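# Observations on the model geometry
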Amino acid sequence: ACADLIGAFFLMPETNLDCGASRAAPDATKTTLAQVLSQRRIVAVLALYFLTFLYMSNMQVALALLTNARLAWTQTEIGHVFGLFGLVMLIVQGGLIGRLTRAWGSIPLVIGGSLVSMVGLATIALSHHALPLVGGLTLLALGLGVVNPSLSAIAADAAGSGRQGTVLGFAQSAGGLARTLGPLLGGLLFARVAAGAPFVAGAVAATLAAALAVSLKAGDEGPKRSRQ
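As a convention, each chain's residues are numbered from 1 in the sequence order in which they are written. This being a predicted model, a pLDDT of at least 70 is required before a residue's local features are given, and a value of 80 or more before pairs of side-chain atoms are given or counted; all residues contribute to the totals for chains, interfaces and linings. Excluded from the side-chain calculation are hydrogens and water; included are all heavy atoms of the structure.

## What to know about unusual backbone geometry
Phi at Ala-72 takes a positive value of approximately 55°, unusual for a residue other than glycine. Strands are runs of DSSP state E lasting at least two residues, helices are runs of H or I lasting at least four, and both sets are numbered from the N terminus onward. Examined against the element boundaries, Ala-72 turns out to sit in the loop between helix H5 (40-71) and helix H6 (75-104).

Right, dumping it as structure tokens:
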């Protein structure tokens, strides 16, 4: 993290060309939470962050519980599948996401990635053998690998000029709230309902995220049609 901070400071150029003027009149550019929540598009983006991080953090806790209960896996096997999960996300985000974004755009990627995540979560919920469970986890990693970077692009676009940092900060806070609630929800569903219940709930959250992204896409296409 420290190396990342140093690299960003020295190697990444300032993208806000009016940053000097903004510092001279900070009150003119201040964006409050109430102003953010008054805009439907940004609220949808915050909800997307919340739902995505909810099913991701839910999985991170419940997967170890499910694999131990159904497959008697120990820390070694669980570590291996989490390693596979991280490797798939690294390949997607490190080598593929740029090409995919140029070809399809951020919102379609969030729609497709959320649906792929939903299929992966549902597959995990129904799995009682190693092969389908690993397949479902791979699908989930593919979906999240596409969705996570695309969410930042959508949030920056929805924020408009001059307040990307504020909106992205609120979006990260929505994700942080989900990271708090996700493990609690996953543990509760596992203990009180069934071993696969956290993943069913995650599949529902991923489906809702896809629906929200579809609404954002429809909102984009409406003004385009009116201009034509």
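The rest of the description comes next.
## Brief notes about the confidence of the model for the chain
Values of pLDDT, the confidence the predictor places in each residue, fall between 0 and 100. The share of residues in the chain with pLDDT of 70 or more is 86%, and the mean pLDDT across the chain is 87. When pLDDT is averaged over each helix and strand of the chain, the minimum, 48, is found for helix H3 (residues 26-29) and the maximum, 96, for helix H7 (residues 106-126). Note on contacts: a residue pair is in contact if any heavy atoms of the two residues lie within 4.5 Å. pLDDT under 50 marks residues 21-28. Its contacts with residues more than four places away, or in other chains, come to two contacts.

## What to know about the nonpolar core
What we call a nonpolar core is a set of buried Ala, Val, Leu, Ile, Met, Phe, Trp, Tyr and Cys residues that are connected through their side-chain atoms within 4.5 Å. Working definition: with a 1.4 Å probe on protein chains only, accessible area under 20% of the residue-type maximum means buried, over 50% means exposed, and in between means partly exposed. Tyr-49, Leu-63, Phe-85, Leu-137, Leu-140 and Phe-199 are the most contacted members of the largest nonpolar core, which has 54 residues in total. Elements represented by at least two residues in this core include exactly H5, H6, H7, helix H8 (130-159), helix H9 (164-192) and helix H10 (197-227). The element best represented in this core is H5, accounting for 15 residues. With residues up to four places along the chain from it excluded, the contact list for Tyr-49 reads Leu-151, Ser-152, Ala-155, Leu-168, Ala-171, Gln-172, Ala-174 and Gly-175.

## Observations regarding the pattern of salt bridges
In what follows, salt bridge is the name for a side-chain nitrogen of Lys or Arg lying within 4 Å of a carboxyl oxygen of Asp or Glu. Evaluated as defined, the whole model comprises one salt bridge. With a shortest N-O distance of 3.9 Å, Arg-41 and Asp-157 are connected by a salt bridge. Placement of Arg-41 in helix H5 and of Asp-157 in helix H8 is noted, with a sequence separation of 116 residues between them. You can call Asp-157 exposed: its relative accessible area is 56%.

## Thoughts on the side chain of Ser-127
Within the secondary structure, Ser-127 is located in the loop between H7 and H8. A distance of 2.5 Å separates a polar side-chain atom of Ser-127 from the backbone oxygen of Thr-123. Think of a polar contact as two N or O atoms within 3.5 Å of one another; within protein, one of them needs to be a possible hydrogen donor and the other a possible acceptor, and neighboring residues in sequence only count if both atoms come from side chains. Of note is the side chain of Ser-127, whose polar atom sits 3.4 Å from the backbone nitrogen of Leu-133.

## Points about a nonpolar patch on the surface
Two distance rules govern patches: like charges are joined within 9 Å, and nonpolar side chains (Val, Leu, Ile, Met, Phe, Trp, Tyr) within 5 Å, applied only to residues with over 30% relative accessible area and no salt bridge. Using the Shrake-Rupley algorithm and a 1.4 Å probe, accessible areas are obtained, with residue cover drawn only from the displayed protein chains. On the surface, Ile-6, Phe-9, Phe-10, Leu-11 and Met-12 cluster together into a nonpolar patch covering about 670 Å² of accessible area. Take Phe-10: it is sitting in helix H1 (residues 2-11). According to the relative accessible area criterion, Phe-10 is exposed, its value standing at 63%.

## Quick word on the packing of H5 against H9
For every element, the axis is a line fit to its C-alpha atoms; helices are fit only across the contacting stretch, and the angle between N-to-C directions ranges from 0 to 180 degrees. Axis separation between H5 and H9 bottoms out at 7 Å; the angle between their running directions is 30°. Crossing handedness for the pair H5 and H9: right-handed. Classifying every residue of the contact of H5 with H9 gives 22 nonpolar, seven polar and one charged. Note on convention: the crossing is left-handed when the near helix lies turned anticlockwise from the far helix by less than a right angle, right-handed when the turn is clockwise. Under the convention adopted here, Pro, Cys and the residues Ala, Val, Leu, Ile, Met, Phe, Trp and Tyr are nonpolar, Asp, Glu, Lys and Arg are charged, and Gly plus all remaining residues are polar.

## So, the side chain of Thr-52
Of note, Thr-52 is situated in helix H5. With sequence-adjacent residues up to four places away left out, Thr-52 is seen in contact with Leu-144, Val-147, Asn-148, Leu-151 and Ala-209.

## Quick word on the packing of aromatic side chains
Note on aromatic contacts: the rings of Phe and Tyr and the six-membered ring of Trp form a pair at centre separations within 6.5 Å, being stacked when their planes are under 30 degrees apart, edge-to-face when over 60 apart, and tilted otherwise. Counting across every chain of the model gives two aromatic pairs. A centroid spacing of 5.0 Å and a plane angle of 85° characterise the contact between Phe-9 and Phe-10, whose relative ring orientation is edge-to-face. Across the pair, exposure class does not vary: Phe-9 and Phe-10 are exposed alike. When the centroid spacing of 6.1 Å and the interplanar angle of 15° are considered together, the rings of Tyr-49 and Phe-53 count as stacked. Within this pair, Tyr-49 and its partner Phe-53 are both found in helix H5, separated by four residues, close to a single helical turn. For the pair Tyr-49 and Phe-53, one class covers both residues: buried.

## A short note on the packing of H6 against H7
To describe two helices that pack against each other, one gives the angle between their axes and the distance between the axes. Contact geometry for H6 and H7: axes closest at 7 Å, N-to-C directions at 110°. With respect to H7, the element H6 is oriented roughly perpendicular. Between H6 and H7, the residues in contact are Ile-97, Leu-100, Thr-101 and Trp-104 and Ser-106, Pro-108 and Leu-109, respectively. Classifying every residue of the contact of H6 with H7 gives five nonpolar, two polar and no charged. By the definition adopted for this analysis, an angle is roughly parallel if under 35 degrees, roughly antiparallel if over 145, roughly perpendicular if from 65 to 115, and oblique otherwise.

## A look at the environment of Ser-106
You can see Ser-106 is positioned in helix H7. Residue classification places Ser-106 among the buried positions, given a relative accessible area of 17%. Distance from Ser-106 to Val-147, taken between C-alpha atoms, is 8.3 Å for residues 41 residues apart in sequence. Not counting residues up to four positions away in its chain, the partners in contact with Ser-106 are Thr-101, Ser-150, Ala-153 and Ile-154.

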